[in-house]
Amino acid sequence: MHQFFAKVYYEPQVMSFGPYHHGKPHLEDGETLKLKLAEAYLREFELSEDETYEIISSDIQALRKCYNQKSTEEYKDEELSVMLLVDGCALLWYIFCVCIGGHEEYGIRYQDLSRIHQDTLLLENQLPYQLLHNLIKKNILTNKAWTVIFQEFFGMSSDESFFLEFFGIKEESFLQKMKNYCRSIFLFLPLLIIQIFNQNPNLKPNESKPCPHFLDLYRKNFLGDEQFYPTHSESTATVKKDAGSVGDVKEQLMASFRNVKELMAAGIRIKHSRTRHLRDISFHSTGITARLRLPPIAIDSSTKTLFLNLIAYEMSSDVPHDFISYLRFLDSLIDHADDVKELQSAGVLQNYLGTHEQVAEFFNTVSSNLESNFQAYKDVRVKIRKHLKSHYNSRLKRWITQCLDTYFRSPWTIIAWVGAALALFFTAVQTYFAVFHR
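Residues numbered from 1 in each chain as written. Predicted model: local features only at pLDDT ≥ 70, side-chain atom pairs only at ≥ 80, totals over all residues. Heavy atoms only, no water.

**Student:** An account of the pattern of salt bridges is requested, with residue identities and associated values reported.
**Tutor:** Under the counting rule described, the total for this entry stands at twelve salt bridges. In this structure, the salt-bridge partner of Lys24 is Glu11, at a minimum N-O distance of 3.3 Å. Highlighted residues: Lys24 in the loop between α1 (2–10) and α2 (28–44) and Glu11 in the loop between α1 and α2, separated in sequence by 13 residues. For Lys24, a relative accessible area of 25% corresponds to the partly exposed category. For the salt bridge of Glu31 with Lys34, the shortest nitrogen-to-oxygen distance reads 3.0 Å. Here Lys34 and Glu31 lie together in helix α2, a separation of three residues that amounts to about one turn. (Salt bridge = Lys/Arg side-chain N within 4 Å of Asp/Glu carboxyl O. Helix = DSSP H or I, 4+ residues; strand = E, 2+ residues; numbered from the N terminus. Buried < 20%, exposed > 50% of the residue type's maximum accessible area, 1.4 Å probe, protein only.)

**Student:** Explain the confidence of the model for the protein residue by residue, including any values.
**Tutor:** Averaged over every residue, the pLDDT of the protein is 78; the share at 70 or more is 72%. Confidence over residues 158–210 falls short of pLDDT 50; this stretch has 70 contacts with residues more than four positions distant or in other chains. Taken as a whole, residues 233–254 scores under 50 in pLDDT and shows 26 contacts with residues more than four places along the chain or in a different chain. (pLDDT = per-residue confidence, 0-100. Contact = heavy atoms within 4.5 Å.)

**Student:** Tell me about unusual backbone geometry, and please be specific about residues and values.
**Tutor:** Positive phi is not limited to glycine here, since Asn369 has a value of about 65 degrees. Tracing the chain through its elements places Asn369 in the loop between α20 (356–366) and α21 (378–392). For Tyr377, which is not a glycine, the phi torsion comes out positive at approximately 60 degrees. Classification of Tyr377 by relative accessible area gives buried; the value is 2%.

**Student:** Break down the sheet that holds strand β1 (residues 268–272) for me, with residues and values.
**Tutor:** Here we have three strands laid out as an open sheet, ordered β1-β3-β2, and mixed in their pairing. Each edge of the open sheet is held by one strand with a lone partner, namely β1 and β2 (282–285). With strand direction ignored, the average angle separating the axes of adjacent strands in the sheet is 20 degrees. Pairing of β2 with strand β3 (residues 290–294) involves four bridges; the strand directions are antiparallel. From the neighbouring strand, Ser282 faces β3, where its bridge partner is Arg293. Together, β1, β2 and β3 form the strand contacts of α21, whose direction differs from that of β2 by roughly 30 degrees. (Pairing = 2+ DSSP bridges. Axes fitted to C-alpha atoms, helices over the stretch in contact; angles between N-to-C directions.)

**Student:** An account of the environment of Ile149 is needed here, citing residue identities and associated values.
**Tutor:** The residue Ile149 is located in helix α9 (residues 143–153) in this model. By relative accessible area, which is 0% here, Ile149 ends up buried. Sequence separation between Ile149 and Leu92 is 57 residues; the distance between their C-alpha atoms is 9.8 Å.

Here it is as structure tokens:
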């Protein structure tokens, strides 16, 4: 059972990247495809195969340390260099073709795209940034240009039609459009590969640099920049002001609040955030009503594989459990199918998985028994807790909320209420003139 579980969720279906799954029989067609893609990458970017090999082989000891020793000990330096050259070039050209177009030339069908995309985000099917950085810096595209391409590949592009037009060669050259586009959105883009590679300025000369990978880059994009979404640090002062002891602080931060239906009964409306970044969660209360904004997210048959690999990455590394914290936060909102239905109506959940019951079960089980980050979303949790406490301690607020839910929840109920009020008004006017102005 365990082997079946690992094969379904952690092993590649089409292409292997790196040594962990290299040479497995069911990936033979993927090896042929990788050779075609790697050859195209070198040809289209006018790179010398020998020079590219030399770049990788000169750094092969550092690249070897990025993997478990047992997985690479059977490969000589020359063999591992060739493997990483083919895998790295193939991955970059595949991403380029998916975003720009042309994957059909290599026999990649549309039904294969989702499987290969899934393969690129498996924890044990990764290539280190160090390798991708060495390959990228030698081609004609800038690091900013590759950031735009990764943004599109991750599905984080804000305007797909503009992106496609941007890559078409019309009046301006390809590179000029790349530079113009990057200049306009640079502040909102994820960290560049070269920036991530050099992200630790305090490293001592004799220490080896970290070897993060493509899944880590996806995770950073998925979560969003902490500078824009400071969900980990805003409410410390609020917590200290409202709490009487250390125990009270922990109780407020870790309290599991009610599900979506019960939050809505307390006057909290669910809205979708302006971005898809998982850190883009906010809460605003007016005293009687409130608004909880959550990032839109799509759930389909491949979501469980992606989520389990992101969970495995956070559990096996020293990165904060921020993705796990998001899943735990969403799990606290979803108890039943009705909660999923409300989130879907609010544009937060896009359900391509099946029934609402299946989605509810998915979120209730995927992150169960996992430890989340104590600091994650604490500002939102504390604000929700304060709103609920204020709501249930005030009979007037409960009465007003009930009236709003009954008469003003939808445009139709508002129209019906206004119509009934107008009917009563005109009836009263008619009665007045009938009695006093005969």
